[in-house]
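Observations on the three-dimensional arrangement
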Amino acid sequence: MYLIVGLGNPGAEYNFTRHNFGFLMLDLYAKINHLTWEKPKLGAKWLKSNDQIFIKPQDFYNNSGQTVQAFAHYYKIPIENILIVCDDFELDFGKTRLRLKGSSGGNNGLKSIITTLNTENFARLRLGTGNQNLRQRLGDTKFVLSRFSEDEKSGLMPIIQEATIKLQDWLREH
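The shown structure was predicted, so the numbers you read here are calculated from the model rather than taken from an experiment. (Residues numbered from 1 in each chain as written. Predicted model: local features only at pLDDT ≥ 70, side-chain atom pairs only at ≥ 80, totals over all residues. Heavy atoms only, no water.)

A closer look at the pairing of strand S4 (residues 52-57)
Convention followed: When accessible area is computed with a 1.4 Å probe and restricted to protein chains, residues below 20% of their type maximum are described as buried, those above 50% as exposed, and intermediate ones as partly exposed. In this text, helices come from DSSP runs of H or I with a minimum length of four residues, and strands from runs of E with a minimum of two, each type numbered from the N-terminal end. Strand pairing follows a simple DSSP-based rule, namely that at least 2 bridges must link the two strands.
Most of S4 is tucked away, with six of its six residues classed as buried. Alternating residues of S4 divide into Gln52, Phe54 and Lys56 and Ile53, Ile55 and Pro57, and every residue in both groups is buried. As judged from the four bridges shared by strand S1 (residues 2-6) and S4, these two strands associate in the parallel manner. What sits directly across from Val5, in S4, is Ile55. When strand S3 (residues 44-49) meets S4, the two strands line up antiparallel, connected through six bridges. Within S4, the residue paired with Ser49 across the bridge is Gln52. Where S3 folds back onto S4 in an antiparallel hairpin, the turn is made up of two residues, including Asn50, whose phi is positive at roughly 55 degrees.

What to know about the packing of helix H1 (residues 21-32) against helix H7 (residues 156-173)
Basically, it comes down to this: A fitted line through C-alpha atoms serves as each axis, taken over the contacting stretch for helices, and the angle formed by two N-to-C directions is quoted from 0 to 180°. Working rule for angles: under 35 degrees goes down as roughly parallel, over 145 as roughly antiparallel, 65 to 115 as roughly perpendicular, anything else as oblique. We call two residues contacting when some pair of their heavy atoms lies within 4.5 Å. As a working rule, the residues Ala, Val, Leu, Ile, Met, Phe, Trp, Tyr, Cys and Pro are called nonpolar, Asp, Glu, Lys and Arg charged, and the rest polar, with Gly in that last group.
Following both chains from N to C, one finds H1 and H7 inclined at 75 degrees, their axes separated by 10 Å at the closest point. Overall, the two elements H1 and H7 adopt an arrangement that is roughly perpendicular. Contact with H1, carried on its side by Phe21, Leu24, Met25, Leu28, Tyr29 and Ile32, involves Leu156, Met157, Ile159, Ile160, Ala163, Thr164, Leu167 and Gln168 of H7 and no other residues of that element. Residue composition of the contact of H1 with H7, by class: 12 nonpolar, two polar and no charged.

Quick word on the environment of Lys76
Here Lys76 shows up in the loop between helix H2 (65-74) and strand S5 (82-92). By relative accessible area, Lys76 is classed as exposed at 71%. As a C-alpha pair, Lys76 and Gly94 span 18 residues in sequence and 34 Å in three-dimensional space.

Here we look at the nonpolar core
The criterion, for reference: Nine residue types can take part in a nonpolar core, namely buried Ala, Val, Leu, Ile, Met, Phe, Trp, Tyr and Cys, and a core is a set of them joined through side-chain atoms within 4.5 Å.
Judged by nonpolar contacts, the single largest core of 23 residues is most densely connected at Ile4, Phe21, Met25, Leu167 and Trp170. For this core, the elements supplying multiple residues, two or more each, are S1, H1, S5, strand S7 (123-130) and H7. No other element matches the seven residues that H7 contributes to this core. Other than its neighbours up to four places away in sequence, Ile4 contacts Leu26, Gln52, Ile53, Phe54, Ile55, Leu83, Val85, Leu167, Trp170 and Leu171. Counting residues in each nonpolar core, the second largest holds 21 residues, with Ile55, Ala72, Leu117 and Phe122 among its members.

Details of the environment of Leu171
Turning to its location among the elements, Leu171 is positioned in helix H7. Its relative accessible area of 14% is what places Leu171 among the buried residues. Measuring from C-alpha to C-alpha, the distance between Leu171 and Asn33 comes to 15 Å, with 138 residues separating the pair along the chain. In contact with Leu171, other than residues within four places in its own chain, are Tyr2, Ile4 and Gln52.

What follows is the structure in structure tokens.
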């Protein structure tokens, strides 16, 4: 069994914000694969496809760890079969990076998951949102909660396609 977690904040006011890139990626993945989200369970919107469970925790981004732990425990999913999909403002917009383990890199959602699971040994797929000029003008908090620009929106599909390939490769290799 595999657990794929998209990080984001619940509520329509956060749609298309940089911090909800994980939600957006899983929503488009589900749509492309004709999958339907189920009613919330264990604190998350979720869907199951074969031996894969996809979740969008409904606690806020920085508190995602509890929901990840609840699903991992309920479905007896080993840590090495967990993949977190999150935004990363240190990574240039358009870049994606898959790592099998590592630190939070300052990402508060990953910090929550690391603290709750008591390990850094889970995979993470980071989706770059970096725009240093805008980030310096807005500050980190306002930047991650700001919506993608029209130019960025037009570039989202290629990023999500690349991330989907990395997700599928990760599943095949496990």
